[in-house]
Every structure is written in structure tokens, then in C-alpha cells.
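Architecture at a glance
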Amino acid sequence: MSESTSARSAEPRPDEPEPIRAVPLRHPGRWISGAIVLIALGLFAWGAATNEAYRWDIYAQYLFDRRITAAAWKTVQLTVLAMLAAVALGVVLAVMRLSPNPVLRSVAWLYLWVFRGTPVYVQLVLWGLFPSIYKQIDLGIPFVHQFVHIDVQGLNAAFLFAVIGLALNEAAYMAEIVRAGITSVPEGQVEASTALGMSWTQTIRRTVLPQAMRVIIPPTGNELISMLKTTSLVAAVPYSLELYGRARDISGANFQPIPLLLVAATWYLAITSILMIGQYYLERHYSKGLSRQLTARQLQALADAQNTPITEAGKPTPKPGAPGEERL
């Protein structure tokens with residue numbers, strides 16, 4: 001094709017309509033609402049900064065106080081220990097709920113009914129009264145011989161009772177989360193694994209759990225964050241060496257409850273933020289293969305395997321003669 005013919009074809013014909021000029025749709029309401037929200041936030045921040053009731057000097061003084069940091073560490077210990085015990089017991093209860101044995105299934109249902117139907121604060125109060133209810137525990141052969149005698153009233157185990165109370169309550173919720181995750185895996189996956197010669201243990205470990213974790217991880221992360229905040233209720237045991245209890249004790253001595261509450265809230269928010277970051281990466285790890293969109297790492301691995309560079313579109317450049325390549 002000659003240059004004159006190309007120039008004539010590029011010229012617009014008189015009978016062709018003019019190209020449409022697309023004008024973006026304006027949204028003044030968005031700008032106005034955003035400005036109103038920013039002004040309201042600015043006014044609130046200014047009011048909080050200038051309000052003497054907040055006592056920011058006291059807040060700065062106790063934010064990194066040794067007693068507060070030790071209490072924050074106790075709160076983390078309470079959260080982790082209670083959550084680990086709750087997950088382990090929740091898995092057992094979930095298996096019992098799915099068991100064909102009517103006794104196991106009924107006992108698991110009764111456990112969930114009791115612990116989900118009563119407030120956690122009431123349960124913690126009962127655990128605080130445990131030494132009054134059971135003054136001594138004997139382990140051995142009933143009515144014959146006892147091997148171990150435990151004087152419960154002599155125990156100074158408020159921390160242990162707090163962990164047990166939190167774990168038993170949370171296990172009821174974790175059981176339902178685990179059960180929902182297991183039942184979300186199609187039965188065909190289990191049948192295919194069995195057809196491949198996998199044992200029951202291999203099927204659970206390699207087929208069921210990796211797929212169930214996509215359903216289990218998000219609510220478990222939420223329950224972990226909720227457990228962190230629920231530790232503020234262990235004063236019912238009573239146990240007051242965690243974050244909220246320690247801040248309350250200090251405020252009772254210096255008569256400054258507002259800045260000490262802000263100190264506790266800051267530490268709760270900081271720990272929660274760290275847990276949310278960990279939850280994000282766990283969810284991303286167990287969601288691999290759920291989407292067809294390849295990650296940057298997967299694209300690079302594919303490009304290295306094909307020994308081809310990655311194009312601007314984010315895909316490896318196909319080699320000459322590769323399937324899907326246009327040939328001239």
C-alpha cells in the first residue's frame with residue numbers, strides 16, 4: 001500500500017460523525033461530604049487536644065510505665081494461652097458434633113448450648129468462686145483409693161482460672177467455626193482423595209484442612225481480636241494484673257481515670273493492629289489458588305520457568321512457536 005493511499009484513508013470522511021467527547025461526570029456531593037467529615041474530625045481533634053479533662057501530660061507519663069507494659073504482656077499471655085486451648089478444644093468439639101455417635105454429638109451440643117447461652121462475665125465469676133465450690137479435688141479410684149489430693153482453696157491460681165474461663169467460653173464458638181470449615185469442603189474432594197489411595201489422616205491433612213482453612217482463618221482471627229478485648233473482664237475472677245485492671249488500679253491511686261483509660265485503649269489498639277496484620281498475611285497464604293489472578297511471585301516463577309521476560313501487562317512473553325502466539 002502506497003503512502004498516498006494511507007494518507008487518504010487516514011483523513012476523516014465528510015459523512016462520518018464527529019468523535020464523541022467524553023466528559024467525566026462531576027460529583028460535587030462527594031467533595032462536600034468529604035469536606036464536612038474532615039472539618040468534623042479536625043474540630044474533634046482540636047477539642048480533645050485543648051480539653052484539660054484528658055490530661056495528656058498524665059497520659060504521656062504512664063503510656064510506657066513499667067507497670068503498664070508488664071500488664072500489656074500479661075494481657076498477651078492471657079489471650080494466646082486461652083486461644084490455643086480454645087482452638088484445641090474447639091476442634092475436639094467439632095469432631096464430636098460431626099460424629100455419628102449420638103452420645104458424643106449430644107454432649108457436644110449440650111456444651112455449646114451452655115457456654116454460648118450464658119454471659120462470659122458470669123462464667124468468669126463462677127471460676128472465681130471455684131475454690132469455694134470445690135474446696136478439695138481428689139484423683140484416684142472412686143470409693144477405693146485416692147492418689148492425688150489438691151487443696152483448691154490453698155491455690156493462688158487466679159491467672160490459671162482466668163485462662164480456663166476464657167478458653168472454655170471461646171471453645172464453644174471455635175467448635176462451630178471449625179465445623180463450618182470442614183463441612184464447606186465438598187464430599188467429592190474426600191472421595192477423590194480416597195480413590196487416590198490416601199488414608200483418612202492424609203485426606204484430612206492434605207485435602208480437607210487446606211481448603212477448610214480458607215473458611216476457618218477469617219473468623220478465627222476475629223475471635224482472637226475479640227479474646228484480647230475480653231481479657232478486660234477477668235477482674236471477675238478476680239485477676240487485676242492485666243492491662244485494664246492495672247490501669248484501673250493506678251487510676252484509683254492518682255484519681256485520674258480518663259488518661260489511664262486512654263493509655264489502656266492505646267495499648268489495646270496497638271496489639272490489635274499487630275494481630276490484624278498477622279491475620280491479613282494468614283488469609284492471603286491460605287487463599288492461594290482460590291483466584292485465577294497470579295501474584296507477582298507466581299508470575300516471576302512462571303517467567304523463570306519459561307526463561308522469558310515479563311511484559312508490561314504482567315504476563316510472560318511467549319516464545320516463538322508457543323501455543324496462542326500469532327504467526328506472521
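Further up the page is the structure itself.
Report on the accompanying structure. Just so it is clear, the structure is predicted and the values come from calculations on it, not from any experiment.

**As for the overall build of the protein**
- The number of helices and strands found in the protein is 13 helices and 2 strands.
- Across the 328 residues of the protein, 27% fall into the buried class.
- If you sum the accessible surface of the protein, you get close to 22700 Å²; carbon and sulfur atoms cover 64% of it.

**Here we look at the nonpolar core**
- Core analysis: the largest hydrophobic core is formed by 37 residues, its most contacted members being L93, Y111 and V234.
- For this core, the secondary structure elements donating two or more residues are α4 (66-98), α5 (102-117), α6 (120-128), α8 (158-183) and α10 (200-230).
- Ranked by residue count, the leading element in this core is α8, at 11 residues.
- Those residues in contact with Y111 that sit more than four places away from it in its chain are L89, L93, L168, A171 and A172.

**Here's the deal with the side chain of T220**
- Structurally, T220 can be placed in helix α10.
- The class of T220 is buried, set by a relative accessible area of 16%.
- Leave out the neighbours within four places in its chain, and T220 touches M83, M174 and I177.

**Thoughts on the packing of aromatic side chains**
- Applying the stated criterion across every chain yields a total of 10 aromatic pairs.
- Members of the aromatic cluster, joined through ring pairs, are Y54, W56 and Y59.
- Its guanidinium or amino end placed over the ring of F159, K74 lies 5.4 Å from that ring's centre, counting from NZ or CZ.

**Digging into α10**
- Helix length check: α10, at 31 residues, gives a terminal C-alpha distance of 37 Å against a target of 45 Å (1.5 Å per residue), a shortfall beyond 12%.
- The sharpest bend along α10 measures roughly 45° and falls at L209, with the proline P210 sitting one to four residues further on.

**Looking at unusual backbone geometry**
- The amide bond that connects V237 to the next residue, P238, takes the cis arrangement and shows omega of 5°.
- Within the secondary structure, P238 is located in the loop between α10 and α11 (243-254).
- Positive phi, normally seen in glycine, also occurs at R55, with a value near 50°.
- Among the secondary structure elements, R55 is positioned in the loop between α2 (28-50) and α3 (56-62).
- Phi at F255 is positive, roughly 55°, even though this residue is not glycine.
- Assignment of secondary structure puts F255 in the loop between α11 and α12 (257-286).
- Judged by its relative accessible area of 67%, F255 falls in the exposed class.

**Thoughts on the packing of α11 against α12**
- Two numbers describe how α11 lies on α12: the axes approach to 9 Å, and their chain directions differ by 160°. Between α11 and α12, the crossing angle belongs to the class labelled roughly antiparallel. Along this stretch, α11 crosses α12, giving a crossing that reads as right-handed. The residues of α12 that touch α11, namely those facing L243, Y244, A247, I250, S251 and N254, are P257, L260, L261, A264, W267 and Y268.
- Taken together, the residues that form the contact of α11 with α12 break down as 10 nonpolar, 2 polar and no charged.

Calculation rules
- Residues numbered from 1 in each chain as written.
- Predicted model: local features only at pLDDT ≥ 70, side-chain atom pairs only at ≥ 80, totals over all residues.
- Heavy atoms only, no water.
- Helix = DSSP H or I, 4+ residues; strand = E, 2+ residues; numbered from the N terminus.
- Buried < 20%, exposed > 50% of the residue type's maximum accessible area, 1.4 Å probe, protein only.
- Areas by Shrake-Rupley, 256 points an atom, 1.4 Å probe, with all protein chains shown as cover.
- Core = buried A, V, L, I, M, F, W, Y, C linked by side-chain atoms within 4.5 Å.
- Contact = heavy atoms within 4.5 Å.
- Phe/Tyr/Trp six-rings, centres within 6.5 Å; stacked < 30°, edge-to-face > 60°.
- Lys NZ or Arg CZ within 6 Å of the ring centre and 35° of its normal.
- Expected span 1.5 Å × (residues − 1).
- Bend = angle between axes of the 7 residues up to and from the residue.
- Axes fitted to C-alpha atoms, helices over the stretch in contact; angles between N-to-C directions.
- Parallel < 35°, antiparallel > 145°, perpendicular 65-115°, else oblique.
- Left-handed = near helix turned anticlockwise from the far one by under 90°.
- Nonpolar A, V, L, I, M, F, W, Y, C, P; charged D, E, K, R; others polar.

Read these as layout, nothing more, since geometry by itself doesn't imply function.
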